[in-house]
Amino acid sequence: MTVAPLLALQALTNLATAPPGPGLPEGWELQAVRGAPAPAFEVCEGSRLRISTAGGAGFAAYRLPVPLAPGGVLIWEWRTDTPAREADLRQRELDDAPVRLFVLFDDGHALFYSWGNREEPGVIFPSWTDRRRAVVVLRNARHADGSWHLERRDPFGDYRLAFARAPGSIVAVGVSAD
């Protein structure tokens, strides 16, 4: 499975200057999920970040050197050929996504742009993990055919929809798989 947050992560992080090779670029932090092996990360040609896991789960986060004030959009490209056919992002026991891109705000709230299963693209709902997290489903199992999908999102507008209040600044971005 490959995540290629082109403009979003390349412009906001050091991904564009990271040399190809296994592991995370300098400045990225791996956050493992208790009880699960961490995914493997690799910087690929074209400044793409590949996440591979089989039965594992984890997050790779990059704290921005300067918070990003409200305004603008995130643009990225991603793909997977691994549909999570039994997953249900609303249920703890079945929450499984081949890839997610997340945005963390200065108030501790987070948006998880997720590749779901049965959920319809465009649906936004609170995460079962914490009410300060919201899931924004952009793709589902129908789209998990290995082809690239371009996304363009306004995280500040999505924040307003998810939390019914004005957003602060973005302080970190990252990717995850489980």
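This text follows the structure it describes.
What this report covers is the structure whose coordinates are included nearby.

Parameters at a glance
- Residues numbered from 1 in each chain as written.
- Predicted model: local features only at pLDDT ≥ 70, side-chain atom pairs only at ≥ 80, totals over all residues.
- Heavy atoms only, no water.
- Helix = DSSP H or I, 4+ residues; strand = E, 2+ residues; numbered from the N terminus.
- Buried < 20%, exposed > 50% of the residue type's maximum accessible area, 1.4 Å probe, protein only.
- Contact = heavy atoms within 4.5 Å.
- Salt bridge = Lys/Arg side-chain N within 4 Å of Asp/Glu carboxyl O.
- Pairing = 2+ DSSP bridges.
- Axes fitted to C-alpha atoms, helices over the stretch in contact; angles between N-to-C directions.
- Core = buried A, V, L, I, M, F, W, Y, C linked by side-chain atoms within 4.5 Å.
- Phe/Tyr/Trp six-rings, centres within 6.5 Å; stacked < 30°, edge-to-face > 60°.
- Lys NZ or Arg CZ within 6 Å of the ring centre and 35° of its normal.

Moving on, we come to the environment of His109. On the secondary structure map, His109 appears in the loop between strand S8 (100–105) and strand S9 (110–115). By relative accessible area, which is 9% here, His109 ends up buried. Separated by 24 residues in sequence, His109 and Arg133 have C-alpha atoms that sit 5.6 Å apart. Not counting the four nearest positions on each side in its chain, His109 is found in contact with Val103, Leu104, Arg132, Tyr159, Phe163 and Arg165.

This brings us to the pattern of salt bridges. In the structure shown here, the tally under the stated rule is five salt bridges. Between Arg165 and Asp107 there is a salt bridge, and its shortest N-O distance comes to 3.0 Å. With a gap of 58 residues between them, Arg165 in the loop between helix H2 (155–163) and strand S13 (170–177) and Asp107 in the loop between S8 and S9 connect regions that are remote in the sequence. In this structure Arg165 comes out as partly exposed when scored by relative accessible area, which is 42%. Overall, the relative accessible area of 26% leaves Asp107 in the partly exposed class.

Strands sit in the order S3-S6-S13-S8-S9-S11-S10 across an open sheet of seven strands; the sheet is mixed. Of all strands in the sheet, those bounded by a partner on one side alone are strand S3 (28–32) and strand S10 (124–126). The mean inter-strand angle of the sheet, taken between neighbouring strand axes irrespective of direction, is 25 degrees. In terms of strand pairing, S3 meets strand S6 (residues 58–68) through five bridges, oriented antiparallel. Paired with Glu29 across the strands is Ala61, a residue of S6. Strands in contact with H2 are S6, S8, S9, S10, strand S11 (133–139) and S13; relative to S9, the strand with the most contacts, it is inclined by about 100 degrees.

Here we take up the nonpolar core. Core analysis: the biggest nonpolar cluster contains 32 residues, and Leu49, Trp76, Val103, Phe105, Leu111, Tyr113 and Ile170 have the highest contact counts within it. Ranked by the residues each element gives to this core, the list is headed by S13, at four residues. Apart from residues no more than four positions distant in its own chain, Leu111 is found in contact with Leu101, Phe102, Val103, Phe105, Ala134, Val136, Pro155, Asp158, Tyr159, Ala162 and Phe163.

To continue, consider the environment of Trp76. Take Trp76: it is sitting in strand S7 (residues 74–79). Spatially, the C-alpha atom of Trp76 lies 9.3 Å from that of Leu101, the residues being 25 residues apart in sequence.

A few words on the pairing of S13. Across a regular strand the side chains alternate sides, sitting on one face of the sheet and then on the other. In terms of residue burial, S13 counts as a mostly covered element, since eight of its eight residues are buried. In terms of strand pairing, S6 meets S13 through seven bridges, oriented antiparallel. Residue pairing in the sheet places Arg63 in a bridge with Ala172 of S13. By the bridge criterion, six bridges tie S8 to S13 in an arrangement that is antiparallel. The residue bridging Arg100 from the neighbouring strand is Ser176, located in S13.

A few words now on the packing of aromatic side chains. The relation between two aromatic rings is expressed through the spacing of the ring centres and the mutual angle of the planes. Evaluation of the coordinates by the stated rule reveals 10 aromatic pairs. Ring centres of Trp78 and Trp115 lie 5.2 Å apart, and the angle between their planes is 65 degrees; this geometry places the pair in the edge-to-face category. With Trp78 in strand S7 and Trp115 in strand S9, the pair connects residues that are 37 residues apart, well separated along the chain. Grouping residues by exposure puts Trp78 and Trp115 together as buried. Joined through ring pairs, the aromatic side chains of Trp76, Trp78, Tyr113 and Trp115 make up one cluster. The side chain of Arg48 reaches across the aromatic face of Trp148, ending 4.1 Å from its centre.

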